[in-house]
Amino acid sequence: MSLIVDLLLMLIDVTYSILCAVVRTFLHPRLKSIDGELCLITGAGGVLGRLFALEFAKEGAHLILWDCNTAANEQTAQLARKLGVEVRTYTVDLSKRQSIYETAGRVRAEVGDVSIMVNNAGVVAGQRLLECPDELLERTLLVNCHALFWMTKAFLPQMKARNHGHIVTIASALGLFTTAFVEDYCASKFGAVGFHESLAHELRAENHYGIKTTLVCPYIIDTGMFAGCEIRKEIQSLIPPLEPLYTAQQSMKAILGEQEMVCIPRIMYIPFIARALLPWEANIVTYRFMGGDKCMLPFIKNAEMKTLNGHMKSSNDAF
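Residues numbered from 1 in each chain as written. Predicted model: local features only at pLDDT ≥ 70, side-chain atom pairs only at ≥ 80, totals over all residues. Heavy atoms only, no water.

You'll find the chain entered in an unreviewed UniProt entry as Retinol dehydrogenase 10, with Ataeniobius toweri given as the organism. The UniProt entry for the chain carries the following comment under Sequence similarities (unreviewed entry): "Belongs to the short-chain dehydrogenases/reductases (SDR) family." (UniProt positions renumbered as here; feature names shortened; annotations may be inferred.)

Draft legend 1. A look at the pairing of strand 4 (residues 116–119). Of the two faces of strand 4, the one holding Ile116 and Val118 and the one holding Met117 and Asn119 are both buried throughout. Pairing of strand 1 (residues 38–42) with strand 4, which is carried by 3 bridges, proceeds in the parallel orientation. Its bridge partner lying in strand 4, Cys39 is registered against Ile116. Where strand 4 meets strand 5 (residues 165–170), 4 bridges bridge the pair, whose relative direction is parallel. Residue pairing across strands places Ile116 opposite His166, the latter belonging to strand 5. (Buried < 20%, exposed > 50% of the residue type's maximum accessible area, 1.4 Å probe, protein only. Helix = DSSP H or I, 4+ residues; strand = E, 2+ residues; numbered from the N terminus. Pairing = 2+ DSSP bridges.)

Draft legend 2. Region of the structure containing the packing of aromatic side chains. Summed over the entire model, instances satisfying the criterion amount to 4 aromatic pairs. Where Phe149 meets Phe195, the ring centres are 4.4 Å apart and the plane angle is 45°; that geometry is what we call tilted. Pair noted here: Phe149 is in helix 5 (residues 134–162) and Phe195 is in helix 6 (residues 183–205), with a separation of 46 residues, a long-range link. Following the ring pairs from residue to residue traces out a cluster consisting of Tyr185, Phe226 and Phe299. (Phe/Tyr/Trp six-rings, centres within 6.5 Å; stacked < 30°, edge-to-face > 60°.)

Draft legend 3. The environment of Asn302, seen in detail. By the element assignment, Asn302 lies in helix 11 (residues 297–308). Each C-alpha atom, one on Asn302 and one on Ala227, is 7.3 Å from the other, the two residues being 75 residues apart in sequence. Sequence-distant contacts of Asn302, defined by excluding residues within four places in its chain, comprise Ala227 and Gly228. (Contact = heavy atoms within 4.5 Å.)

Draft legend 4. How the structure looks around the environment of Glu138. In this fold, Glu138 is placed in helix 5. Glu138 gets classed as partly exposed once you look at its relative accessible area, which sits at 48%. Each C-alpha atom of the pair Glu138 and Asp184 lies 8.1 Å from the other, and the pair is 46 residues apart in sequence.

Draft legend 5. Geometry of the environment of Met117. As for its position among the elements, Met117 is in strand 4. On a C-alpha basis, the gap between Met117 and Val168 in space is 6.0 Å, while along the polypeptide they are 51 residues apart. In contact with Met117, other than residues within four places in its own chain, are Leu40, Met151, Thr152, Phe155, Met159, His166, Ile167 and Val168.

Draft legend 6. Layout of the packing of helix 2 (residues 47–58) against helix 8 (residues 244–256). In the contact formed by helix 2 and helix 8, the axes pass within 9 Å of each other and the chain directions differ by 50°. As the angle between them shows, helix 2 and helix 8 are arranged oblique. Viewed along their axes, helix 2 and helix 8 form a crossing whose handedness is right-handed. Of the residues in helix 8, those in contact with Val47, Leu48, Leu51, Phe52, Glu55 and Phe56 of helix 2 are Pro244, Leu245, Thr247, Ala248, Gln249, Ser251, Met252 and Ile255. Residues that form the contact of helix 2 with helix 8 fall into these classes: 10 nonpolar, 3 polar and 1 charged. (Axes fitted to C-alpha atoms, helices over the stretch in contact; angles between N-to-C directions. Parallel < 35°, antiparallel > 145°, perpendicular 65-115°, else oblique. Left-handed = near helix turned anticlockwise from the far one by under 90°. Nonpolar A, V, L, I, M, F, W, Y, C, P; charged D, E, K, R; others polar.)

Draft legend 7. Representation of the confidence of the model for the chain in the model. Of all residues in the chain, 90% have pLDDT values of 70 or greater, and the mean over the chain is 91. Every residue in residues 312–316 scores below 50 in pLDDT, and together they form 21 contacts with partners more than four places removed in sequence or on other chains. (pLDDT = per-residue confidence, 0-100.)

Draft legend 8. View of the sheet that holds strand 6 (residues 211–218). One open sheet holds the 7 strands; their spatial order is 3-2-1-4-5-6-7, and the pairing between them is parallel. At either end of the open sheet lies a strand with only one pairing partner, and these are strand 3 (87–91) and strand 7 (261–264). Put simply, the sheet's adjacent strands are angled 15° from each other on average, direction ignored. Lying over the sheet, helix 2 contacts strand 1, strand 2 (62–67), strand 4 and strand 5, oriented at roughly 170° with respect to strand 1.

Draft legend 9. Quick peek at the pattern of salt bridges. Under the counting rule described, the total for this entry stands at 10 salt bridges. Taking the shortest distance from any N to any O, the salt bridge between Glu110 and Arg88 comes out at 3.1 Å. Of the two residues, Glu110 sits in helix 4 (residues 97–110) while Arg88 sits in strand 3, which places them 22 residues apart along the sequence. With relative accessibility at 37%, the residue Glu110 sits in the partly exposed group. Residue classification places Arg88 among the partly exposed residues on the basis of a relative accessible area of 36%. Ionic pairing is found between Glu202 and Lys160, a salt bridge with its closest N-O pair at 3.5 Å. With Glu202 in helix 6 and Lys160 in helix 5, the pair connects residues that are 42 residues apart, well separated along the chain. For Lys160, a relative accessible area of 24% translates into the label partly exposed. Each of Arg88, Arg106 and Glu110 takes part in a single network of salt bridges with overlapping partners. (Salt bridge = Lys/Arg side-chain N within 4 Å of Asp/Glu carboxyl O.)

Given below as structure tokens:
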């Protein structure tokens, strides 16, 4: 009897959740205030990270900006300070666990407890798997995935102590479905999505409902990270690369609306669902039709040319 009652309650909850999601799709949810909150953003020197910093500053949040590029990070800080918020910058190598832990200790001692953490930093090797140095492959996984574990271990205890906070993971559409020639990036972003979702379940299981989580999965963002990547021309006109500002603003709406997950644009939900429902061969046929199976080849060629010229392809912005 207890099983039947629990099943009915579950069905009611599922129906209610679906209705709420439908309502949120068509109506603007109430956005929470983050005025005075302490927000940490990784990859703040990159295009998307800088835009996030400015968006959070507009909402009155005080900023902790992390990046491996000191000069770019300071430029972001100068722009944010003009909006009247307090900003502190730290140079951090997210591929090194000890760098994260040591800098986190400095933040707690010098500024206080972080209440909003935006894991935005990301890199990609930009080389074919069999030709890519192991160090670059490892770096992608360390920055895009492993750093999430270390960041969370560094800052979640203080959030739990107050049952208050918000953890944001800027993942990627390539954390929901894959394409060829970027195995390191896809693996790291699938790992990021899995980590984020498991953490969200853990917080609810422990009744830490005051700590919110938001997973952001954007399509290609026009930051230069995947320069040259293109799908079938007829379809690309319908799904062009995302403008960075639009991506940041849509992400902010989801964060302030305490939305658990958002795909940008919404059409990205379709391949995500199709991947789960369609047979493998059916997905391959669809990918080939859209040009998704070889869309990264121009990007790889561009990255190889930059490597030959002495530049390593990396960024702090997500696909």
